[in-house]
2 protein chains.
Amino acid sequence: MAAEGLSVIVTSGGLGPTADDLTAEVVAEFCGRPMVLDEELEARITEIVTPLMARWPGVDPEAVLAANRKQAVVPEGATVLDPVGTAPGLVVPSAGPRPGPTVVVLPGPPRELMPMWRTAVETEAFKQAVAGAEVTRREMLRLFGIPEAEIAVTLREASAAGIELSALEITTCLRRSEIEVAVRFPPAAEDSYRQLLEFIRERHPRELFSEDGATIDQQIASTLLERGLTVAVAESCTGGLMAGRLTELAGSSAYMLGGVVVYSNEAKSGLVGVPAELIESVGAVSVEVARALADGARERFGASLGVGITGVAGPGGGSEEKPVGFVCFSVCSDSGSLTRSARLPGSRSDVRDRSTTVALHLLARLLRGDSD
Amino acid sequence: MAAEGLSVIVTSGGLGPTADDLTAEVVAEFCGRPMVLDEELEARITEIVTPLMARWPGVDPEAVLAANRKQAVVPEGATVLDPVGTAPGLVVPSAGPRPGPTVVVLPGPPRELMPMWRTAVETEAFKQAVAGAEVTRREMLRLFGIPEAEIAVTLREASAAGIELSALEITTCLRRSEIEVAVRFPPAAEDSYRQLLEFIRERHPRELFSEDGATIDQQIASTLLERGLTVAVAESCTGGLMAGRLTELAGSSAYMLGGVVVYSNEAKSGLVGVPAELIESVGAVSVEVARALADGARERFGASLGVGITGVAGPGGGSEEKPVGFVCFSVCSDSGSLTRSARLPGSRSDVRDRSTTVALHLLARLLRGDSD
């Protein structure tokens, strides 16, 4: 990367206390700087680690502090980024005779890396490294209900329609059953981006659900909060993951009342009142039982909205009529309901995770006023 | 990598149908092979994609098949690995005048990559590339209840005690609150590994819970199945993730009866019978309520074992006495119970995820016969 003339290199990981964490040392050598103990940083890490030690009775605190001291040895002249966990980040300008890249050294865990990156870009050392560079914009579109290959067709057609795609860096990714279209572009390509957005809007009016990067989870949370609605879940094959997803965002207790995971038929009847005769006649995996689960959850928790999910997550338990990946969904409110079945591809873990996405999109449709 | 004389390079990702999926083309150029359409492979992909199309009404099947045809254009002379999803893998030997590395091209999604890697290593092309190479062993130890810095101390002391660690490639990783110690070594270093294992066993007799790579989830599942026991969960701050984790493994319906996610106090009382006066007097986040949740879950589902979790996942809702990350756990059976509280570090998502790990280890201890 240095040979290609890049101005900034970002590393992540390898900043821990163990001997295999070599990043700081390797970067120091690369940037032509000796490693020195930063005593202020050492004191800061000690301050962070000492209360944590209280959780580990029986561990020799001296030995642990020595191990963590390693993390305070940094390249001379580097800008230190305050630790979010126990590992400090670094911005290390080249000290060689010729100008080389500045290296931004971040810890591996995403929850530490992300806030520290935001700190890093505000440092003088970073600003000097990127002085004069153009700010690239990044937009994120999300679609649900089309295969990834279809977005490739859309992009080809947009290009054929005369939209200047070469000015845009477009990455498409299939994630949790949704298509993410990330577009990066310099300010001069703003018009091309606007044209592409309009083209996608026209071609996929129902499928394009987010133009500002907001996830379906965030959209549903906003809608529920705005309208003062509450939700409850009764789920079988997703085994708690749907409730887990609805409680993922901070503040979810304002709209999520709770859920039941009803794996056994007895639990389906006993906890949310699905009639045993219904299970007997149509089977536990059926749109009828999904509907009864949604109604039962809504009623049992006194929620505005109910969600019911039942399906075959696999790898066992499939039949010709109801194969592995066959999942039934129902969402209901006082004004109506939507009930669907789908055959989802992938492993047990894929089927469970994708089911939560499908259920969230069904819930979003109900909130938009759709009803069977 | 080629310049360093490596025999095999493995790539993952970039095999999809969209224009930004360039891996096969780049590898072909690198290996000195032209790209050719493999008609047999095209037929195979069509066969896979056609039934999937049925799920996407309104999509032009011709256009999608054209997009997928791209995936059947492969480097001439490459060994094609049958797709697990729709993307084929490749084993591409160098065609240059000098011997270069063989490139193994795998798709990005782990569920496709993993089985295709196992297929790749069985191909003639791969075997030729690694002919004469030594088979490296990999062992995985798992520990719970010590900080990562402590394992660094253990490794230093093992070395000081004369164990030849230089023959072992040791990687430590903190994952979901557990320490993973992965050790890779050539057959000649078997003795050093045995000595290290013995050293860790002696130094961390309670913390070392897995010597064969088995996860705590797998260990609990095996024990429950062996003894014919069942389990049920009542959880608050983990919002369904504990039930989700206990239903993650195939066949979990044999031991997991179900769970309730009781976010509101009304649900705690109404669904699993936690006395409202108890919540009133000690607070919803308390060891007493955790215990009542465990008992209630066990009774409500008629399970052998009950698990109760209540805590402050954050970022809001913390107090001086019960700060963000404070979580109470209880597990019970007909022979006893274990109830604990802990202060877990990290974000909302970390606290929720780590809570499930702590609860599983508490359950494992109850199954080993520990009791308050």
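Shown above is the structure to which this text applies.
Positions within a chain are numbered from 1, following the residues in the order the chain's sequence is written. Labels follow written order: the first chain is A, the first ligand is 1, and so on. This being a predicted model, a pLDDT of at least 70 is required before a residue's local features are given, and a value of 80 or more before pairs of side-chain atoms are given or counted; all residues contribute to the totals for chains, interfaces and linings. Remark: hydrogens and water are excluded; side-chain values derive from all non-hydrogen atoms of the structure.

### A few points about the overall build of chain A
- The numbering of helices and of strands both runs from the N terminus, where a helix is a DSSP run of H or I of at least 4 residues and a strand a run of E of at least 2. In terms of regular secondary structure, chain A is built from 13 helices and 15 strands.
- Atoms counted for the radius of gyration: C-alpha only. Globule rule: 2.2 Å times residue count to the power 0.38. Taking 21 Å as the expected radius of gyration for a compact globule of 372 residues, we find that chain A reaches 26 Å, considerably beyond that expectation.
- Judged by the C-alpha coordinates and their principal axes, chain A covers about 80 × 65 × 40 Å.
- When each of the 372 residues of chain A is scored for burial, the buried share is 51%.
- Residue contacts are defined here by distance: any two heavy atoms, one from each residue, within 4.5 Å place the two residues in contact. Long-range pairs, those at least 24 residues apart, make up 66% of the contacts in chain A between residues at least 6 apart in sequence.
- Accessible surface, chain A: about 16700 Å² in total, of which carbon and sulfur atoms supply 51%.
- A residue counts as positive if it is Lys or Arg and as negative if it is Asp or Glu; His and the chain ends are not included. Charge coordinates come from a single atom per side chain, which is NZ of Lys, CZ of Arg, CG of Asp or CD of Glu. Side-chain charges in chain A split into 34 positive and 50 negative, and the spacing between the mean points of these groups amounts to 4 Å. For the exposure calls, accessible area comes from a 1.4 Å probe over protein chains only, and a residue counts as buried if that area is under 20% of its type's maximum, exposed if over 50%, partly exposed in between. Here the Shrake-Rupley method, with its probe set to 1.4 Å, supplies the accessible areas, and only the displayed protein chains count as covering residues.

### What about the interface of chain B and chain A?
- On the side of chain A, 59 residues touch chain B, which itself brings 59 residues to the contact.
- For the pair chain B and chain A, the summed buried surface comes to about 4300 Å²; carbon and sulfur atoms form 62% of the total.
- Salt bridge, as used here: a side-chain nitrogen of Lys or Arg that lies within 4 Å of a carboxyl oxygen of Asp or Glu. Across the chain B-chain A interface, the total number found is 2 salt bridges.
- Across the salt bridge formed by Asp 350 of chain A and Arg 111 of chain B, the nearest N and O atoms sit 2.8 Å from each other.
- The definition of a polar contact used here is a pair of N or O atoms within 3.5 Å, where within protein one atom must be able to donate a hydrogen and the other to accept one, and adjacent residues in sequence count solely through side-chain atom pairs. The interface formed by chain B and chain A contains 22 residue pairs in polar contact (both at pLDDT 80 or more).
- Among the secondary structure elements, those contributing two or more residues to the side of chain B that touches chain A are helix H3 (61–69), helix H6 (148–160), strand E8 (169–175), helix H9 (241–246), strand E12 (256–262), helix H10 (265–272), helix H12 (287–301) and helix H13 (348–367) of chain B.
- The leading source of residues in the side of chain B that touches chain A is H6 of chain B, at 7 residues.
- Following the grouping adopted for this structure description, the nonpolar residues are Ala, Val, Leu, Ile, Met, Phe, Trp, Tyr, Cys and Pro, the charged ones are Asp, Glu, Lys and Arg, and the polar ones are all others, Gly among them. Looking at side-chain class alone, the side of chain B that touches chain A contains 28 nonpolar, 17 polar and 14 charged residues.
- Looking at chain direction, strand E12 (residues 256–262) of chain A and E12 of chain B are connected through 5 bridges and run antiparallel. Looking at the pairing, Val 260 of chain A lines up with Val 260 of chain B of E12 of chain B. Accessible-area loss on putting two parts together, using a 1.4 Å probe and summing over both, is the definition of buried area adopted here. For two strands to count as paired, DSSP must find a minimum of two bridges between them.

### Examining the nonpolar core
- Grouped together as the largest cluster of nonpolar side chains are 34 residues, with contacts concentrated most on Val 260 and Leu 271 of chain A together with Val 260 and Leu 271 of chain B.
- Apart from the residues lying within four places of it in its own chain, the contact partners of Val 260 of chain B are Gly 259, Val 260 and Leu 271 of chain A together with Val 233, Ala 234, Glu 235, Leu 271, Val 272 and Phe 301 of chain B. For the purposes of this section, nonpolar cores are sets of buried Ala, Val, Leu, Ile, Met, Phe, Trp, Tyr and Cys residues that join through side-chain atoms within 4.5 Å.

### Digging into the relation of the copies chain B and chain A
- Residues below a pLDDT of 70 in either copy are left out; the C-alpha atoms of the rest, at least 70 in both, set the least-squares superposition of the copies. Expressed as a screw transformation, the operator carrying chain B onto chain A has a rotation angle of 180° and an axial translation of 0.0 Å, and the superposed copies differ by an RMSD of 0.1 Å. The transformation relating the two chain copies, once decomposed into turn and shift, fits a two-fold axis.

### Quick look at the packing of aromatic side chains
All names here are of chain B.
- Stacked, tilted and edge-to-face are the three classes applied to pairs of Phe, Tyr and Trp rings, where Trp contributes its six-membered ring and a pair requires centres within 6.5 Å; stacked means planes under 30 degrees apart, edge-to-face means over 60, and tilted covers the rest. Enumeration over the complete set of coordinates arrives at 4 aromatic pairs over all chains.
- Measuring from ring centre to ring centre gives 5.6 Å for Trp 117 and Phe 126, while their planes differ by 90°; the resulting arrangement is edge-to-face.
- Between the aromatic rings of Phe 185 and Tyr 193, the centroid separation amounts to 4.9 Å while the plane-to-plane angle is 15°, which identifies the pairing as stacked. For the pair Phe 185 and Tyr 193, one class covers both residues: buried.

### With respect to the packing of helix H6 (residues 148–160) of chain A against helix H7 (residues 190–203) of chain A
Residues and elements named next belong to chain A.
- Two numbers describe how H6 lies on H7: the axes approach to 10 Å, and their chain directions differ by 125°. Between H6 and H7, the angle falls in the class oblique. For the element pair H6 and H7, the recorded crossing hand is right-handed. Mapping the contact onto sequence places Glu 150, Val 153, Thr 154, Leu 155, Glu 157 and Ala 158 in H6 and Leu 196, Phe 199, Ile 200 and Arg 203 in H7.
- Split by residue class, the contact of H6 with H7 holds 6 nonpolar, 1 polar and 3 charged. To obtain an axis, a line is fitted to C-alpha atoms, over the contacting stretch when the element is a helix, and the angle between two such axes runs from 0 to 180 degrees between their N-to-C directions. If an angle is under 35 degrees, it is roughly parallel; if it is over 145, roughly antiparallel; if it lies from 65 to 115, roughly perpendicular; otherwise it is oblique. A clockwise turn of the near helix away from the far one marks a right-handed crossing, whereas an anticlockwise turn of less than a right angle marks a left-handed crossing.

### Notes on the sheet that holds strand E10 (residues 208–210) of chain A
Residue and element names in this part refer to chain A.
- Within the open sheet, the 4 strands sit side by side as E8-E9-E7-E10. Their pairing is antiparallel. With one partner strand each, in any of the chains shown, strand E8 (169–175) and E10 form the two edges of the open sheet. Mean inter-strand twist for the sheet, computed between neighbouring axes without regard to direction, equals 30°.
- Here strand E7 (residues 137–144) pairs with E10 via 2 bridges, running antiparallel. Directly across from Arg 142, in E10, lies its bridge partner Ser 210.
- Across the sheet, H6 lies against E7, E8 and strand E9 (178–185), angled at about 160° from E8, the strand it touches most.

### Points about the sheet that holds strand E4 (residues 79–81) of chain A
Residue and element names in this part refer to chain A.
- Ordered by their spatial adjacency, 4 strands build an open sheet running E1-E6-E5-E4, and the pairing between neighbours is mixed. In this open sheet, the two strands that pair with only one neighbour each are strand E1 (8–12) and E4. Put simply, the sheet's adjacent strands are angled 15° from each other on average, direction ignored.
- Those strands touched by helix H4 (residues 110–120) are E1, E4, strand E5 (89–92) and strand E6 (102–106), and its axis lies near 150° from that of E6.

### Here's the deal with the pattern of salt bridges
All names here are of chain A.
- The full count for this structure, using the stated rule, is 39 salt bridges over all chains.
- In this structure, Glu 157 and Arg 203 form a salt bridge, with 2.8 Å as the shortest nitrogen-oxygen distance. Note that Glu 157 is positioned in helix H6 and Arg 203 in helix H7, a separation of 46 residues in sequence.
- On the basis of relative accessible area, Glu 157 is assigned to the partly exposed category, the value being 36%.

### Focus: unusual backbone geometry
All names here are of chain A.
- The linkage connecting Gly 314 with the following residue, Pro 315, adopts the cis geometry, with an omega of 0°.
- Checked against the element boundaries, Pro 315 lands in the loop between strand E13 (305–311) and strand E14 (326–333).
- Backbone geometry at Arg 176 places phi at a positive 50°, although glycine is not the residue there.
- Among the secondary structure elements, Arg 176 is positioned in the loop between E8 and E9.

Function cannot be read off these values alone, since they describe shape.
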